[in-house]
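If you want the building blocks of each chain, they are given just below.
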2 protein chains.
Amino acid sequence: MRRFKKVAIIGVGLIGGSIGLAIKKRKAAGKVIGIFRRRRTLRKALGRKAVDIGVMDIAEGVKDADLIIIGSPVSSIPALVARAAKFAKPGAVITDVGSTKAYIVARAEKLLGGSRVNFVGSHPMAGSEKTGVESARGDLLEGSPCIVTRTKNTGRADLSGVTSFWRSLGANVKVMSPAEHDEAVSLVSHLPHIVAFSLAGAVPPDALEYAAEGFKDTTRVASSDPELWADILLTNKSNILKAAGLFKKRYGAIVSAISRDDRRRVIKELAAAGRKREIFLNRLHGNKKA
Amino acid sequence: MRRFKKVAIIGVGLIGGSIGLAIKKRKAAGKVIGIFRRRRTLRKALGRKAVDIGVMDIAEGVKDADLIIIGSPVSSIPALVARAAKFAKPGAVITDVGSTKAYIVARAEKLLGGSRVNFVGSHPMAGSEKTGVESARGDLLEGSPCIVTRTKNTGRADLSGVTSFWRSLGANVKVMSPAEHDEAVSLVSHLPHIVAFSLAGAVPPDALEYAAEGFKDTTRVASSDPELWADILLTNKSNILKAAGLFKKRYGAIVSAISRDDRRRVIKELAAAGRKREIFLNRLHGNKKA
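Throughout, a residue's number is its position along its own chain's written sequence, starting from 1. In the order they appear in the text, chains get letters beginning with A and ligands get numbers beginning with 1. Per-residue local features of the predicted model are confined to residues with pLDDT of at least 70, and side-chain atom pairs are confined, for both listing and counting, to 80 or more; whole-chain, interface and lining totals are unaffected and use all residues.

Peer 1: For this particular structure, what's the right way to read the overall build of chain A?
Peer 2: For the purposes of this entry, the term helix denotes a DSSP run of H or I that reaches at least four residues, the term strand denotes a run of E that reaches at least two, and both are numbered from the N terminus. Across its full length, chain A carries 11 helices and 9 strands. We compute the radius of gyration from the C-alpha atoms alone; for a globule the expected value is 2.2 Å times N to the 0.38, where N is the number of residues. A globule of 290 residues ought to have a C-alpha radius of gyration of about 19 Å, and chain A, at 21 Å, matches this closely. Its C-alpha atoms put chain A at 65 × 40 × 35 Å along the principal axes. Within chain A, the proportion of its 290 residues that are buried is 58%. Buried residues are those with 20 or more other C-beta atoms within 10 Å of their own C-beta, exposed residues have 12 or fewer, and partly exposed residues lie in between; C-beta atoms are placed from the backbone.

Set out below in structure tokens:
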């Protein structure tokens, strides 16, 4: 099993910063180098001790790194993979934290074909509607699902290195293909975002005065960054359209049962939904304990 | 302004129990009598000191009460209003905590027509997906919206007594007609429930393994009681069908923009939703502070 000595993080926001804090908290690597576009973020990250060293230049930041983590938004990842690979040492592994994987992994593997730098896709599912290193937390990944992707091009040592790395930060790692990942997250993450955005968008401003905790939680993720999420949704289109169909079926069934005054059917739909959530909560608690 | 000395609570669950705890915490009435159907709940409520006295008989419980609060589910409220009124003293005021008001207020006023007991509808919007006096909290109503309804039959002193009562428990009281109430809650409470139930119901059990915080919050209210919620939804049908139409429009716009790869439109929809949620959060914080 491979252990990474130096880890470089490109894009030290909520996730990248939380990874840095977790590495240092758990001594999961010898050194964390943060690579920044803005000096203000660099200072904030150093102030929070999310990285040991902060640099503004990718070449300088990645040159000694054993593991390079791209913590930036989905649409920027392929270009950063190419740029990091150009300056990385032979044998270095690049991974990412992007919320869609087929799009990113296909591009990254094409870009790195024939290179001595390797790519393994990751998706630590521990986000929040918050952004920025100021919201980073060293325990953000603890007990959270983290999906690592395997393709026919994935090296065995690289895969085990990346999975061990995320496990060492407390994440609950699963390995699957990029396509399997994208299908799963379209249902449990992308669809909830679309639903929350639709709900917040649907309510007239005047009615918001009477909104309380139910509305607050149901729409929490509608405060997520619009550009970031547009790119996530657009890079997982076919799965999302399927997931949207499943939602529309249940939504239509409930609304139609209400319109027909079919109390028995309404109860049946609501009870089935409650049982699904019960399964989810039991798994979540099991994982958090494990 | 009228102040109530003895308050009887019929149905001491999450809301009824929280009202009892709040009355005692804030000395908002001299005595709280709980009226129970089950001895086990009576013992629990006394154990939590949510009531001063617990009885199993409505006649006995309401006979000296100045204010009678019906804390039971929507569908049971009209019958309990009739029963409480039969044994209440002249001039007593009955209110409720039901999530729909047109249905309840119309029936209650019809039942009490010509009687010397008066009804004023209330809806403290401070629920939770939890149930039972064991989840009751003395601060549940603090800073939460509480809608009190006024109709042509509502007595001025009764209305001011009921609004002052809720204010004395820390609620943020608004007075409106039952129809206005039902329209507002169809948007900010009933629609979010339908959406959350639909979402939890739509996701295949296998995918739940990868669900995380986003799914958890977006579906929280899908753990609400199915029978209770079926009755709420069915007694507010016409407003809910209108609210469901507003949701479907936004949902359709987002899904269609994704399917057309219309990034600009996706961003526009998501950003508009985020701004709505910002308005909501600002109002919520303003109210909590006030």
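That covers the picture; the talk isn't over yet.
Peer 1: I'm lost on the sheet that holds strand β9 (residues 172–176) of chain B in this one. Help?
Peer 2: The strands that make up a sheet pair up through hydrogen bonds in the backbone, lying either parallel or antiparallel. Residue and element names in this part refer to chain B. The 3 strands are arranged β7-β8-β9 in an open sheet whose pairing can be described as mixed. Here the strands that pair on one side only, and so sit at the sheet edges, are β7 (122–124) and β9. Going across the sheet, the axis of each strand differs from the next one's by a mean of 15 degrees, ignoring polarity. As judged from the 3 bridges shared by β7 and strand β8 (residues 145–149), these two strands associate in the antiparallel manner. Note that in β8 the partner of histidine 123 across the bridge is isoleucine 147. Two strands form a pair only when DSSP identifies at least two bridges running between them. Orientation is described by axes fitted as lines to C-alpha atoms, over the contacting stretch for helices, and by angles from 0 to 180 degrees between their N-to-C directions.

Peer 1: I would appreciate a short explanation of the relation of the copies chain B and chain A in the present structure.
Peer 2: One chain copy maps onto the other through a rotation about an axis and a shift parallel to that axis. We place the copies in one frame by least squares, fitting the C-alpha atoms of every residue whose pLDDT is at least 70 in both. For the pair chain B and chain A, the superposition axis carries a translation of 0.0 Å, the fit reaches an RMSD of 0.0 Å, and the rotation angle comes to 180 degrees. Within this description, the copies of the chain are treated as partners about a two-fold rotation axis. When C-alpha distances to the rotation axis are compared across chain B, the minimum falls at B:Thr218, with a value of 2.0 Å.

Peer 1: How should I be thinking about the domain arrangement of chain A in this particular structure?
Peer 2: Note on interface size: it is often stated as the accessible area lost on association of the parts. Residue and element names in this part refer to chain A. Domain extents, as shown, originate in an automatic or database domain assignment. Partitioning chain A into domains gives domain 1 (6–176) and domain 2 (181–289). Summarising the inter-unit geometry, the C-alpha centres of domain 1 and domain 2 are found 29 Å apart. Any two residues are considered in contact once their C-beta atoms, placed from the backbone, lie within 7 Å. Every contact between the two is made by 17 residues of domain 1 and, on the other side, 16 residues of domain 2. Among the elements of the structure, α5 (102–112), β8 (145–149) and β9 (172–176) are those that each provide at least two residues to the side of domain 1 that touches domain 2. Class assignment for the residues of the side of domain 1 that touches domain 2 results in 7 nonpolar, 8 polar and 2 charged. Residues are sorted three ways: Asp, Glu, Lys and Arg are charged, Ala, Val, Leu, Ile, Met, Phe, Trp, Tyr, Cys and Pro are nonpolar, and all the rest, Gly among them, are polar.

Peer 1: What's the story with the pairing of strand β1 (residues 6–10) of chain B in this structure? I'm lost.
Peer 2: Side-chain positions along a regular strand alternate between the two faces of the sheet. Residues and elements named next belong to chain B. Of all the 5 residues making up β1, 5 are buried; the element is thus mostly covered by neighbouring parts of the structure. Sheet topology note: the β1/strand β2 (residues 31–35) ladder contains 5 bridges and is parallel. Residue pairing across strands places lysine 6 opposite lysine 31, the latter belonging to β2. Here, the term right-handed applies to a crossover whose path from the first strand over the helix to the second runs clockwise when the strands point away from the viewer. Taken together, β1, helix α1 (residues 14–26) and β2 form a β-α-β motif whose crossover is right-handed.

Peer 1: I tried to follow the packing of helix α4 (residues 77–87) of chain B against helix α5 (residues 102–112) of chain B on my own but got confused; where do I start?
Peer 2: When two helices pack together, their arrangement is given by the angle between the helix axes and the distance between those axes. Residue and element names in this part refer to chain B. For the pair α4 and α5, the least separation of the axes is 9 Å and the interaxial angle reads 25 degrees. With respect to α5, the element α4 is oriented roughly parallel. For α4 against α5, the interelement crossing comes out right-handed. Taking contact as the criterion, the partners of Ile77, Pro78, Val81, Ala82 and Ala85 in α4 are, on α5, Ile104, Arg107, Ala108, Leu111 and Leu112. Considering only residue class, the contact of α4 with α5 consists of 9 nonpolar, no polar and 1 charged. Relative orientations are named as follows: roughly parallel for angles under 35 degrees, roughly antiparallel for angles over 145 degrees, roughly perpendicular for angles from 65 to 115 degrees, and oblique for any other angle. Left-handed describes a crossing whose near helix is turned anticlockwise from the far helix through less than a right angle; right-handed describes the clockwise counterpart.

Peer 1: For this particular structure, what's the right way to read the environment of A:Leu42?
Peer 2: Residue and element names in this part refer to chain A. Here leucine 42 is to be found in helix α2 (residues 39–47). Distance in space between the C-alpha atoms of leucine 42 and glycine 11 is 9.8 Å, their sequence separation being 31 residues. Excluding residues within four positions of it along the chain, leucine 42 makes contact with Gly34, Phe36, Gly54 and Met56.

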